[in-house]
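Coordinate analysis (summary)
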Amino acid sequence: MEYIFETEHLRIRRFEPEDAEDLYENHLEEDVKKWIPNESYVDIREAQEAIKFYVECVNNKCLPYVLAVELEETGELIGDAGVNRVEGNSDEVEIGYVICKKYSGRGYAAELLKAMTEFITNAFGISILYGRVMQGNIASVKVLEKNGYEFVREEFGAEDDPYGNGMLIYKKEC
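So, here's what we can say about the structure. Please read these numbers as outputs of a predicted model, since none were measured by experiment.

1. Structural notes on the overall build of the protein
Scanning the protein from N- to C-terminus turns up 5 helices and 8 strands. Sequence-ordered secondary structure for the protein, helices as α and strands as β, is β-β-α-α-α-β-β-β-α-β-α-β-β. Compactness check: the protein gives a C-alpha radius of gyration of 15 Å against a globular reference of 16 Å for 174 residues, within 12% of the reference. Based on the C-alpha atoms only, the size of the protein along its principal axes is roughly 40 × 35 × 30 Å. In the protein, which comprises 174 residues, the proportion classed as buried is 46%. As displayed, the protein has an accessible area near 9200 Å², and 45% of this comes from carbon and sulfur atoms. Averaged over its 19 positive side-chain charges, the protein has a centre that lies 3 Å from the centre of its 36 negative ones.

Encoded structure:
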């Protein structure tokens with residue numbers, strides 16, 4: 001297996017077709033559905049189609065650039081991370097990540113965000129990254145702040161904010 005980059009505990013790679021079931025199940029978790037409701041898949045077939053799309057984007061080094069995250073110790077798929085362009089700004093991206101509940105609270109999200117930020121900055125020459133967090137998602141706020149992302153504003157009316165509570169926007173300049 002070819003890894004794009006590694007951290008102390010994680011290996012980050014392209015998705016493989018056999019990841020579909022794990023990707024689907026990871027995104028069915030209640031916390032994922034609660035905090036990023038637009039990131040759930042209807043069924044395994046939709047997860048398979050998403051993986052094909054992600055692999056094509058990674059192979060062509062274009063955005064959105066979404067990668068699989070596995071635990072180094074076991075090889076288990078425990079999450080994913082990706083970036084996509086901020087609309088209208090070619091030198092800015094929004095970064096996102098998921099670590100499944102079984103492995104949350106162990107520092108993996110912070111480790112992943114740090115490495116993904118560095119990788120994207122170098123690989124794409126991106127100088128400004130944003131993290132968008134639904135109001136109330138304290139764990140993700142802590143991960144962003146731990147990695148030097150600074151709060152810049154609150155946004156209301158976003159389509160990915162189904163509860164209408166607002167999105168907290170964080171920014172990091174590299």
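Having seen the structure, we can now continue with the description.
2. What to know about the sheet that holds strand β3 (residues 65–71)
Read from one edge to the other, the open sheet built from 8 strands follows the order β1-β2-β3-β4-β5-β6-β8-β7, with strand pairing classed as mixed. Two strands bound the open sheet, and with one partner strand each, they are β1 (3–6) and β7 (150–155). Here the average twist between neighbouring strands, direction ignored, is 30°. Taken together, the 3 bridges between β1 and strand β2 (residues 10–13) define a ladder with antiparallel strand orientation. Considered in β2, the bridge of Tyr 3 is made with Arg 13. Here helix α3 (residues 44–59) sits on the sheet in contact with β1 and β3, set at roughly 105° to β3. Packed on one face of the sheet, helix α4 (residues 108–124) meets β1, β2, β3, β4 (77–86), β5 (89–99), β6 (128–134) and β8 (167–173) and runs near 155° to β5.

3. Topic: the side chain of Asp 80
Within the secondary structure layout, Asp 80 lies in strand β4. Residues in contact with Asp 80, not counting those within four places in the same chain, are Phe 15, Leu 23, His 27, Leu 67, Val 69, Gly 96, Tyr 97, Val 98 and Leu 112.

4. A short note on the nonpolar core
Core analysis: the largest hydrophobic core is formed by 37 residues, its most contacted members being Tyr 65, Ile 78 and Ile 120. Contributing elements (two or more residues each) for this core: β2, β3, β4, β5, α4, β6, α5 (138–146) and β8. No other element matches α4, which puts 10 residues into this core. With near-sequence residues (within four places) excluded, Ile 120 lies in contact with Tyr 65, Val 83, Val 93, Gly 125, Ile 126 and Leu 129. Core analysis: the second largest hydrophobic core is formed by 12 residues, Ala 20, Tyr 24, Tyr 41 and Leu 77 among them.

5. Some thoughts on the pattern of salt bridges
The full count for this structure, using the stated rule, is 10 salt bridges. Ionic pairing is found between Arg 13 and Asp 19, a salt bridge with its closest N-O pair at 2.7 Å. For the residue pair Arg 13 and Asp 19, the accessibility class agrees, reading buried in each case. Note that Arg 132 and Glu 94 form a salt bridge whose closest N and O atoms lie 4.0 Å from each other. Here Arg 132 is found in strand β6, whereas its partner Glu 94 is found in strand β5, with 38 residues between them in sequence. Ionic contacts of the salt-bridge type, sharing partners, join the residues Arg 11, Arg 13, Asp 19 and Glu 70 into one network.

6. A short note on the side chain of Ser 140
Along the chain, Ser 140 falls in helix α5. Excluding its chain neighbours within four sequence positions, the residues that come into contact with Ser 140 are Tyr 97 and Val 133.

What counts and how
- Residues numbered from 1 in each chain as written.
- Predicted model: local features only at pLDDT ≥ 70, side-chain atom pairs only at ≥ 80, totals over all residues.
- Heavy atoms only, no water.
- Helix = DSSP H or I, 4+ residues; strand = E, 2+ residues; numbered from the N terminus.
- Rg over C-alpha atoms; globule rule 2.2 N^0.38 Å.
- Buried < 20%, exposed > 50% of the residue type's maximum accessible area, 1.4 Å probe, protein only.
- Areas by Shrake-Rupley, 256 points an atom, 1.4 Å probe, with all protein chains shown as cover.
- Lys, Arg positive; Asp, Glu negative; His and termini not counted.
- Charge placed at Lys NZ, Arg CZ, Asp CG, Glu CD.
- Pairing = 2+ DSSP bridges.
- Axes fitted to C-alpha atoms, helices over the stretch in contact; angles between N-to-C directions.
- Contact = heavy atoms within 4.5 Å.
- Core = buried A, V, L, I, M, F, W, Y, C linked by side-chain atoms within 4.5 Å.
- Salt bridge = Lys/Arg side-chain N within 4 Å of Asp/Glu carboxyl O.

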